[in-house]
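The primary structure of each chain is shown beneath.
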Amino acid sequence: MAAETVAIERTNAPPLDGEGRRLPLPTGHTAEGRAARWSSATNDELYADKLNDLLAACRKNLRALDEELIIRAFRLCYEAHKNDRRASGEPYFIHPFEVSMIVAQEIPLDDISIVAALLHDVVEDTVYQLEEIREEFGNEVADIVDGATKITDIFKSREITQAESYRKLLLSMVGDVRVMLVKFADRLHNMRTIEYLPPERQFRMAKETLDIYAPFAHRFGLGRIKWEMEDLAFKVLNREAYNDIKKSLAEKRNERETYIASFIEPIVEALNEQHFKFEIIGRPKHLFSIYNKMIRSGKGLDEVYDLFAIRILLDTQNDNDCFAVYGLVSSIYTPVPERFKNYISLPKKNGYQSIHTTVIGPNGRMVEVQIRTRAMNEIAEKGVAAHWKYKEHITASDPDLEEWVKWVRDVFEQHGDDAPSALLESFKLNLYQDEIYVFTPKGELRILPKGATAVDFAFDIHSQIGLRTIGAKVNGRIVPLHQKLSSGDQIEIITSKNQSPTADWEKFVVTHKARSHVRRFLNDEQRVRIQQGRELWKKRLDKARLHVNDDMLVRFASSTPLGTLSRFYAAIAAADIEIEDYLKRLKEWLRPGSAKDDRGVEKREEAATVSYMDHSRATTGILIQGRRDNLLYGYAKCCNPVPGDEVIGVVTVGKGVKIHRTSCKNIQKLQASGEERLIDVSWPSTEEGADYLVGVRVFGEDRPGMLSDLTHVISSYNNTNIRSVNIDSRDAMFDGKMTVFVKNTYHLARLVEKLRKVRGVTSVERFEE
């Protein structure tokens, strides 16, 4: 068992030994000793030692290894950086070497990752170009190096104010998960040597690490890297609290070790009796984690109960053994029921699996116990990288990273124990690909949907900027307004007070805000043109001494190629048609014996329809208290009941019985007040062919032809008649109220069903006044 239960402070931490333990710090590991050591060692000796260390780590941890490829990359890394030194005074190539060691030892994936780690700073900091890396080491290495360089550029000279957005930005920019793993290793080594930076840079890097990289590492399942990043950042950002907690823990170290030894003794005995192969280790409680728990609970260090914590690792392939061990521990110590968590049956989103429980140990102290297999522990600490060594059953519920982890598992299941070549060839990560992350000239981050253009960006800043956009610069270059943006782009909008949206914009903008503003502007512009055209047409009619009402003009316009009166007026305003030509056409249309007769027939049909409606409503039967009497009654306009509705009657003074739906708000108020004028009414059992007025409310996206489509659907079903239509349009959406005549609730339900299928309609409902 590891005696210490507190996270080790790792400032310039030495490498791991073969068992994953930190080697003792060599003599002279201070800043002064380090500089002296570098100056005394020859470069050839240093080169050979570091290369041998890296190859040894790769041989131990990688399943397949191209040593010649790594040697070539190491040689290029050494040559590219040989004249550079870090702030600590050490040769610069030590940094990429340490990054590659972290990858090899803590997140080992493949030799491509090692090579990319060695070369991750070459393009950014030396004379070598990306294409030279691509030619020498292939597309995979070049793409990872390019991705790492882009991420570095994003964080330069920008203050991180939206941590989650920046995490998404990173993922949207990388197509290969190894880019992020190399950046994790790069950031971890920079944090281990952060003491050599000026204070302001230390603070900036620590904040970035705590806000961006540590939560990101947690999501990738890289527990060990996350904890070390958090503690190193905590030390910079709140050194006083860090030192206080560290000192307090050190003072009580012997007490904790003695207590844990006595606590695990009966557990060890019970596990041996059941012939389990296991290891019990003290679980480090990291300083930042302890600090957060103290802040959240408002308790002092002595009251944070799980300073006493152990982890039981089982050498087994059977997950059920973890539950058996939990049973043994619970039989020895009393468990705290609400502290039991089963992450084996329900893994965390990053693939983490374990049993957590808290028990009451000797002297009434609470001890947290974690129980997991070796494979689970490997995944808890190394995250996605551990899938190279273990097949893991994962319940993937998150649509982003977890889908990728699930895919890794599937590849393993298909390829058996061999290194999955499909995974190596296409190690792709598709996270947040439906969004892009771009910057204003001042470095403010903006999130837009994939496919967004500079016009979408302009409207996202402000609607007036969008409306006045005349051009755009992306990364310093003028681009067409319809050009799609990419994550990481920096956009500058050029405006003019004389500019306004054109109809083409509506074809390429993708955000709702941009589309609605463009459409509203175009609609407003169209309304102005229609009004101008109406005034011009009226003046010409007055001059010709023609008096034509609006209804006749609507029918005339529908007989022309323009189709509608609004298009007719707009065409006049835009001078697309000659007024004189259409004036002659109107005179022809008004001549007796042509359209005029048709119009008279239509008028008579409309009058007959109204007469029929009035007659049918007057003679429709209704049963009052079970009988068809000659009592005066009518249908309430507040709820417009139709056959099939549950109805009730209200006796009124002078107007007979008013028939309401039982769900009517007015009826509910009368019932609540104990009203005695309510009587039972019902519909007759046989249909009498009458029509009933009912209100229908339709919501949806406004578009050309929407009203025509709605009225066509209504009138074409069962010859449904429309009494009135009222459409209110706002922000590219419409709210329509229609009153129609139906025969019963079935007729109404079918009508509603058909309206819901109209393109752009979002909801249809019956409404009451």
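Draft legend 1. Structural view of the environment of Ala 570. Note that Ala 570 resides in helix α25 (residues 565-573). Among the residues examined, Ala 570 registers a relative accessible area of 8% and is labelled buried. C-alpha of Ala 570 to C-alpha of Ile 530: the two residues are 40 residues apart in sequence and 4.5 Å apart in space. Among residues more than four places away in sequence, those in contact with Ala 570 are Gln 526, Arg 529 and Ile 530.

Draft legend 2. Structural view of the pattern of salt bridges. Scanning all chains against the criterion turns up 38 salt bridges. Residues Arg 253 and Glu 257 are paired through a salt bridge, measuring 3.0 Å at the closest nitrogen-oxygen approach. Separated by four residues within a single helix, Arg 253 and Glu 257 lie in helix α14 (residues 253-273), roughly one turn from each other. Between Asp 645 and Arg 766 there is a salt bridge, and its shortest N-O distance comes to 2.7 Å. On the criterion of sequence distance, the pair formed by Asp 645 in the loop between β13 (633-635) and β14 (647-651) and Arg 766 in strand β21 (residues 761-767) is long-range, its members being 121 residues apart. Asp 645 sits in the buried class, given a relative accessible area of 11%.

Draft legend 3. Spotlight on the sheet that holds strand β15 (residues 657-661). Read across the sheet, four strands follow the order β13-β15-β14-β16 without closing on themselves; strand pairing throughout is mixed. Every other strand in the sheet has two partners, leaving β13 and β16 (678-679) as the edge strands with one partner each.

Draft legend 4. Summary view of the packing of aromatic side chains. Using the criterion set out here, one finds 21 aromatic pairs in the structure. Between Phe 234 and Tyr 242 the ring centres are 5.8 Å apart and the planes differ by 70°, which places this aromatic pair in the edge-to-face class. A single burial state applies to Phe 234 and to Tyr 242, both of which are buried. The rings of Trp 537, Phe 556, Phe 568, Tyr 569, Tyr 582 and Trp 589 are connected pair by pair, giving a single aromatic cluster. Against the face of Tyr 582 rests Arg 585, its NZ or CZ located 4.8 Å from the ring centre. The lysine or arginine in question, Lys 737, covers the ring of Phe 767, its NZ or CZ lying 5.7 Å from the ring centre.

Draft legend 5. Structural context of the side chain of Glu 106. Take Glu 106: it is sitting in helix α4 (residues 94-106). A distance of 3.4 Å separates a polar atom in the side chain of Glu 106 from a polar atom in the side chain of Arg 192.

Draft legend 6. Layout of the confidence of the model for the protein. Overall, the prediction assigns the protein a mean pLDDT of 77, with 78% of residues at 70 or greater. Ranking the elements of the protein by mean pLDDT puts helix α27 (residues 595-619) last, at 35, and helix α16 (residues 320-332) first, at 94. Within the model, pLDDT remains below 50 along residues 387-402, and this stretch shows 51 contacts once partners closer than five positions in the same chain are excluded. Overall, residues 595-620 carries pLDDT values under 50, and its contacts beyond four positions in sequence, including any with other chains, amount to 29 contacts.

Draft legend 7. Quick look at the packing of helix α23 (residues 512-544) against helix α26 (residues 579-590). Interaxial distance between α23 and α26 falls to 11 Å at its minimum, and their mutual angle equals 55°. One element, α23, and the other, α26, form an angle in the oblique class. Read as a crossing pair, α23 and α26 show a hand that is right-handed. In this structure, α23 contributes Leu 536, Trp 537, Arg 540, Leu 541 and Ala 544 to the contact, and α26 contributes Ile 579, Glu 580, Tyr 582, Leu 583 and Leu 586. Its residues assigned to classes, the contact of α23 with α26 shows eight nonpolar, no polar and two charged.

Draft legend 8. Just the sheet that holds strand β9 (residues 469-474), in detail. Reading across the sheet, the three strands line up as β10-β9-β11 and stay open at both edges, with antiparallel pairing between neighbours. Both outer strands of the open sheet, β10 (477-479) and β11 (491-495), are each paired with one neighbouring strand and no more. Between one strand axis and the next, the sheet turns through 35° on average, direction left out of account. Pairing analysis gives three bridges linking β9 to β10, with the strands arranged antiparallel. Of the residues in β10, the one forming a bridge with Lys 473 is Ile 478.

Draft legend 9. Quick look at helix α3 (residues 67-81). Spanning 15 residues, α3 covers 21 Å between terminal C-alpha atoms, matching the ideal 21 Å at 1.5 Å per step. Residues Leu 69, Ile 70, Ala 73, Phe 74, Leu 76, Cys 77, Tyr 78, Ala 80 and His 81 constitute the buried set of α3. Two to three positions downstream of the cap, the backbone nitrogen of Glu 68 sits 3.3 Å from a side-chain oxygen, assigning the N-cap of α3 to Asp 66.

Draft legend 10. Main features of a nonpolar patch on the surface. Taken together, Leu 707, Ile 722, Val 725 and Ile 727 make up a surface patch of nonpolar side chains, about 280 Å² in accessible area. Tallying contributions element by element places strand β19 (residues 721-730) first for the nonpolar patch, with three residues. Looking at where Ile 722 falls in the secondary structure, it is placed in strand β19.

Draft legend 11. Summary view of unusual backbone geometry. The phi torsion at Asn 475 lies on the positive side, around 55°, for a residue other than glycine. Summarising the element assignment, Asn 475 is placed in the loop between β9 and β10. The phi angle at Asn 640 is positive, at roughly 45°, despite the residue not being glycine. Tracing the sequence through the fold places Asn 640 in the loop between β13 and β14.

Draft legend 12. Local environment of the pairing of β9. Pairing of β9 with β11 involves five bridges; the strand directions are antiparallel. Each residue of the ladder has a partner; that of Ala 472, found in β11, is Ile 493.

Draft legend 13. Quick look at the pairing of strand β20 (residues 733-742). Most of β20 is tucked away: eight of the 10 residues are buried. Bridge count between β19 and β20: nine bridges; the pairing is antiparallel. Looking across to β20, one finds that Asp 728 is bridged to Asp 735. Here β19 folds back onto β20 in antiparallel fashion, the turn holding two residues, of which Asp 731 has a positive phi close to 55°.

Draft legend 14. Main features of the environment of Gly 760. Along the polypeptide, Gly 760 turns up in the loop between α30 (745-756) and β21. Distance in space between the C-alpha atoms of Gly 760 and Met 733 is 9.3 Å, their sequence separation being 27 residues. What Gly 760 contacts, discounting residues up to four positions off in sequence, is Gly 700, Glu 701 and Met 706.

Draft legend 15. Focus on the nonpolar core. Ranked by size, the top nonpolar core spans 78 residues in total, and within it Leu 54, Leu 119, Phe 137 and Phe 184 carry the most contacts. Residue contacts for Leu 119: discarding those within four places in its chain leaves Ala 73, Leu 76, Cys 77, Ile 133, Phe 137, Val 141 and Val 145. Formed by 32 residues, the second largest nonpolar core is a distinct cluster that contains Tyr 635, Val 657, Val 742 and Leu 751.

Draft legend 16. The packing of α23 against α25, seen in detail. Across the interface, α23 lies against α25 with an axial gap of 7 Å and an inter-helix angle of 80°. Between α23 and α25, the crossing angle belongs to the class labelled roughly perpendicular. Listed contacts from α25 to Gln 526, Arg 529, Ile 530, Gln 532, Gly 533, Arg 534, Leu 536 and Trp 537 of α23 are Ser 566, Phe 568, Tyr 569, Ala 570, Ile 572 and Ala 573. Here the residues of the contact of α23 with α25 sort into eight nonpolar, four polar and two charged.

Definitions and cut-offs
Here, residues in each chain are numbered from 1, in the same order as that chain's written sequence. Local features in this predicted model are restricted to residues whose pLDDT is 70 or higher, and side-chain atom pairs enter the listing and the counts only when it is 80 or higher, whereas totals over whole chains, interfaces and linings include all residues. Heavy atoms throughout the structure, all of them, feed into the side-chain values; hydrogens and water do not. Per the convention used, a helix needs a DSSP run of H or I reaching at least four residues, while a strand needs a run of E reaching at least two, with both numbered from the N terminus. Accessible area is worked out with a 1.4 Å probe on protein chains only. A residue is then buried under 20% of its type maximum, exposed over 50%, and partly exposed in between. The contact rule is simple, with two residues in contact once any of their heavy atoms fall within 4.5 Å. A side-chain nitrogen of Lys or Arg and a carboxyl oxygen of Asp or Glu constitute a salt bridge if their distance falls within 4 Å. At least two DSSP bridges between two strands are needed for those strands to be called paired. Centre distance within 6.5 Å is the pairing criterion for rings of Phe, Tyr and Trp, where only the six-membered ring of Trp is used; planes under 30 degrees apart are then read as stacked, over 60 as edge-to-face, and the remainder as tilted. Only lysine NZ and arginine CZ atoms are considered, and such an atom sits over a ring when it is within 6 Å of the ring centre and within 35 degrees of the ring normal. Pairing of N or O atoms within 3.5 Å defines a polar contact, subject to two protein rules: one partner must be a possible hydrogen donor and the other a possible acceptor, and residues neighboring in sequence count only if both atoms are side-chain atoms. The predictor attaches a confidence to each residue, and that confidence, scored 0 to 100, is pLDDT. Geometry is summarised by axes, namely lines fitted to C-alpha atoms with helices restricted to the contacting stretch, and by angles between N-to-C directions that run from 0 to 180 degrees. Each angle gets one of four labels, with under 35 degrees taken as roughly parallel, over 145 as roughly antiparallel, 65 to 115 as roughly perpendicular, and the rest as oblique. Working rule for handedness: look at the near helix, and if it is turned counterclockwise from the far one by less than a right angle, call the crossing left-handed; if clockwise, right-handed. Put simply, Ala, Val, Leu, Ile, Met, Phe, Trp, Tyr, Cys and Pro go in the nonpolar bin, Asp, Glu, Lys and Arg in the charged bin, and everything else, Gly too, in the polar bin. Any helix carries an expected span of 1.5 Å times its number of residues minus one. Note on patches: the residues involved have over 30% relative accessible area and no salt bridge, like charges join within 9 Å, and the nonpolar side chains Val, Leu, Ile, Met, Phe, Trp and Tyr join within 5 Å. Accessibility throughout is a Shrake-Rupley quantity obtained with a 1.4 Å probe, and a residue counts as covered only by protein chains that appear here. We define a nonpolar core as any set of buried Ala, Val, Leu, Ile, Met, Phe, Trp, Tyr and Cys residues linked to one another through side-chain atoms lying within 4.5 Å.

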